[in-house]
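Residue-level listing of the chains:
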Amino acid sequence: MKKLLLCLSLACLMLISGCSKMEETTSDTVSVEDVAEKKIEIPTIKSDDQVMPLYFDISLYDEEDYAQIYLGKGFKFDFSYGGNQMKLPSSFDEISGEGWSVYDSQYNENSLIKAGETIEIQFANKFGKQLALTFFNKESSSLKLSECAVVKYSVKENNSIKKGCVYDQFSINGISNFSAITDVIYTLGAPSHFETFYENEYRLHYFVSKADRRDRITVIIDVQNDCVNGVEIAKYN
């Protein structure tokens, strides 16, 4: 009987010892797996846009659809509108001298622009064609509209695809009313950034450098109809 009890006791001790080792092994295994999991490098998130890969290498873009692609400080801007060469930056006097006048009744040459503020104002010429001009006050105090620089031109519509359009023919470094999307990419290259707010419409932004991401050229494209809906060109200095 004593031998039987002794055997049972030894068996229990072995069982307990085995369980303890099993627990230690399990614990060690989990620990190793945890460490291994922590060492796994999570890949950089790239753009998941499904349309733009048809036109350029989407792997260059991050999760916010930005890429390290720039026009370069030496890029030469060439913008003509209605057959006339347009200068940037420009001034109220220069624009007026070329036959443009304020079309927006909210503003006139004496309207005040606060320090650091930009205001977009609609202008029109004697032919009834319009152009949106952005004025920028870079000073530390308010200035009259006529004292501020014109830093951006915006053509909101393409008159080759919209009847009764108040905008005229445009050309930005070879991109015109009749350009297809592939023409834009071939001429200007892949954009620095792209975004979409409406179905089938994208805005392609081109920056000069990483240090200055203010839009220099923006092309609004219609991916369904393969055309340019509008353009913007800006130059601050």
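Residues numbered from 1 in each chain as written. Predicted model: local features only at pLDDT ≥ 70, side-chain atom pairs only at ≥ 80, totals over all residues. Heavy atoms only, no water.

Colleague: How should I be thinking about the pattern of salt bridges in this particular structure?
Modeller: Close approach of charged atoms allows side chains of opposite charge to pair. Per the counting criterion, the structure on display carries seven salt bridges. With a closest N to O distance of 3.8 Å, Glu232 and Lys152 form a salt bridge. With a gap of 80 residues between them, Glu232 in strand E15 (residues 227-234) and Lys152 in strand E9 (residues 149-155) connect regions that are remote in the sequence. Summarising the burial analysis for this pair, Glu232 and Lys152 share the class buried. It is possible to trace a salt-bridge network through shared partners that takes in Lys152, Glu195, Arg203 and Glu232. (Salt bridge = Lys/Arg side-chain N within 4 Å of Asp/Glu carboxyl O. Helix = DSSP H or I, 4+ residues; strand = E, 2+ residues; numbered from the N terminus. Buried < 20%, exposed > 50% of the residue type's maximum accessible area, 1.4 Å probe, protein only.)

Colleague: Help me out: how do you make sense of unusual backbone geometry in this one?
Modeller: The bulk of non-glycine residues show a negative phi, and the bulk of peptide bonds are trans. In this chain, Leu88 is followed by Pro89 through a cis amide linkage whose omega measures -10 degrees. Structurally, Pro89 is set in the loop between strand E2 (84-86) and strand E3 (90-91). For Asn200, which is not a glycine, the phi torsion comes out positive at approximately 75 degrees. On the secondary structure map, Asn200 appears in the loop between strand E12 (193-198) and strand E13 (201-206). For Asn200, a relative accessible area of 27% puts it in the partly exposed group. One non-glycine residue with positive phi stands out, namely Asp226, at about 50 degrees. Locating Asp226 in the fold gives a position in the loop between strand E14 (217-222) and E15.

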